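Residues per chain, in single letters:
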There are 2 protein chains.
Amino acid sequence: MPRRTDDAPRPSQRAAVLKAAMEVMAEKGPEKTRVQDIAARAGMSAGHVLYYFGKRDRILVDTLLESEADAGTQRDRRVAAAPSPLDAVERLVRLYLPSGSSDLRWKLWAQLVARPPQDAETLAAYDGVLDGWTTALADAIRAGVDDGTFTCRDPRTTAYRACRLMDGYALEVLLGAPGRTRAWAVSSVLEALDDELATRP
Amino acid sequence: MPRRTDDAPRPSQRAAVLKAAMEVMAEKGPEKTRVQDIAARAGMSAGHVLYYFGKRDRILVDTLLESEADAGTQRDRRVAAAPSPLDAVERLVRLYLPSGSSDLRWKLWAQLVARPPQDAETLAAYDGVLDGWTTALADAIRAGVDDGTFTCRDPRTTAYRACRLMDGYALEVLLGAPGRTRAWAVSSVLEALDDELATRP
DNA sequence: CGAAATTCTAGAACGAAATTCTAATCGCTC
DNA sequence: GAGCGATTAGAATTTCGTTCTAGAATTTCG
């Protein structure tokens, strides 16, 4: 019984499973989603889903990566269409932060931080995702500096820190304490960035 | 069969379980720790452990709270002994950040963010813990401002943001990508705080 | 003091889920 | 059209958390 580990001959069945996984997880949350649920949604058996992915965790990782790829595309599109660097930064913040305490992308991150896969390949993929956001934000900041809108000595570092700051706020939103809403996080982060980047007399 | 939900008549058996839990979890990580393991360490049956805690998640929460209580005590002691505000801040950063990718306190947080208990009591406890750190850091910053060491308009806000920034760095350390070590996190955060607080001509 | 109620405790039983195994079935190639 | 690897469903296995059962210990209070 061949159990595939590489993904060379993947017949897009894989993609179908991922789609199903994304749907179900969006509905009931990744932590409550059983392999069975995904299989049912994709119209196949649970054993068969595992035939493709090997273990449940792999489905989570791949779903996160897919979900981040989507988010990245959206991000690049929306940022490119921003009328100003200030707008671009604002859009980035809004796109980065979770939509609420049950945001799929962030809940997936939470799952994977709780049970981190240690293989180099996955870690590298994570790194790429994170880097995409940092770079996008750094570019926007740089544009604002050239523009005169912002003041910033080292856009890359500032962007990296801003992403970490957003991670922290995202955590709070995920935790779901009263008052720690998306709106609160967005405005807190924007305020912090304003303090950091504002050109003051 | 009475199943206790309140904790009024807890005969310190509870404390013994928590101690066992902390030990085992420190050894193999909270996510790999079975109720059975904790019971074995505490010299009792698995069913009996659940008799006290109701569900495994509760053990995690209580272990985290215990672990944070310890950390809080340590924190207040070490900060009180700091020779200067600058030192106090530095100590706080070192104490807050994870000791590595398998830091128990942080791994417990990761577990609980992945599967957040929604009862108000637990959320309130979390809030208290977080507030302890923010307050400690704010106090240190304030002392530094009075001192002339730091410049800061709003110490409380700065402290809060610094905690969120540290959360973000902590996440990276937990994820365990190469290079994202505790040492890296500590120096990155200290640098960020220096940029934020430094009194410049 | 002693009986009734309550609390503890171990261990078996149960249930839910992931993972693995078994046996077909399909879609090719030669 | 026989053969062979890739797919597939579904059953069996395993691992755990949780619940249940039956006593033992302890406390309460008449």
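Residues numbered from 1 in each chain as written. Chains lettered and ligands numbered in written order. Predicted model: local features only at pLDDT ≥ 70, side-chain atom pairs only at ≥ 80, totals over all residues. Heavy atoms only, no water.

**Student:** Go over helix 6 (residues 104-114) of chain A with me, naming the residues and quoting the values.
**Tutor:** All names here are of chain A. Of all the 11 residues making up helix 6, 11 are buried; the element is thus mostly covered by neighbouring parts of the structure. When we look at burial in helix 6, the residues that qualify are Leu104, Arg105, Trp106, Lys107, Leu108, Trp109, Ala110, Gln111, Leu112, Val113 and Ala114. Structurally, the start of helix 6 carries an N-cap: the backbone nitrogen of Arg105 is 3.1 Å from a side-chain oxygen of Asp103. (Buried < 20%, exposed > 50% of the residue type's maximum accessible area, 1.4 Å probe, protein only. Helix = DSSP H or I, 4+ residues; strand = E, 2+ residues; numbered from the N terminus. Polar contact = N/O pair within 3.5 Å; in protein donor to acceptor, adjacent residues only side chain to side chain.)

**Student:** Talk me through the relation of the copies chain A and chain B; I want residue IDs and the actual numbers.
**Tutor:** Superposition of the two copies of the chain requires a rotation about an axis and a shift along the axis. Superposition record for chain A on chain B: RMSD 0.1 Å, screw rotation 180°, translation along axis 0.0 Å. Here the two chains are linked by the operation of a two-fold rotation axis. Both copies share a contact surface, since 100% of the interface residues of chain A are interface residues in chain B too. (Least-squares fit on C-alpha atoms with pLDDT ≥ 70 in both. Contact = heavy atoms within 4.5 Å.)

**Student:** Describe the packing of aromatic side chains, naming the residues involved and giving the relevant values.
**Tutor:** Overall, the coordinates contain 14 aromatic pairs over all chains when judged by the stated rule. On the numbers, 5.2 Å between centres and 55° between planes, the contact of Tyr169 of chain B with Trp184 of chain B is tilted. Of this pair, Tyr169 of chain B sits in helix 8 (residues 155-175) while Trp184 of chain B sits in helix 9 (residues 182-197), and the two are 15 residues apart along the sequence. The exposure class assigned to Tyr169 of chain B is buried, which follows from its relative accessible area of 3%. An aromatic cluster of three or more residues is present, and its members are Tyr96, Trp106 and Trp133 of chain A. (Phe/Tyr/Trp six-rings, centres within 6.5 Å; stacked < 30°, edge-to-face > 60°.)

**Student:** Describe in detail the domain arrangement of chain A, supporting the description with residues and values.
**Tutor:** All names here are of chain A. Partitioning chain A into domains gives domain 1 (1-54) and domain 2 (63-197). When each unit is reduced to the centre of its C-alpha atoms, the spacing between domain 1 and domain 2 is 28 Å. Buried surface at the junction of domain 1 and domain 2, both sides included, amounts to about 710 Å², of which 72% is carbon and sulfur. Along the contact surface separating domain 1 from domain 2 lie one salt bridge. The partner of Glu31 in a salt bridge is Lys107, and the shortest N-O contact between them spans 3.2 Å. (Domains from an automatic or database assignment. Buried area = accessible area lost by both parts, 1.4 Å probe. Salt bridge = Lys/Arg side-chain N within 4 Å of Asp/Glu carboxyl O.)

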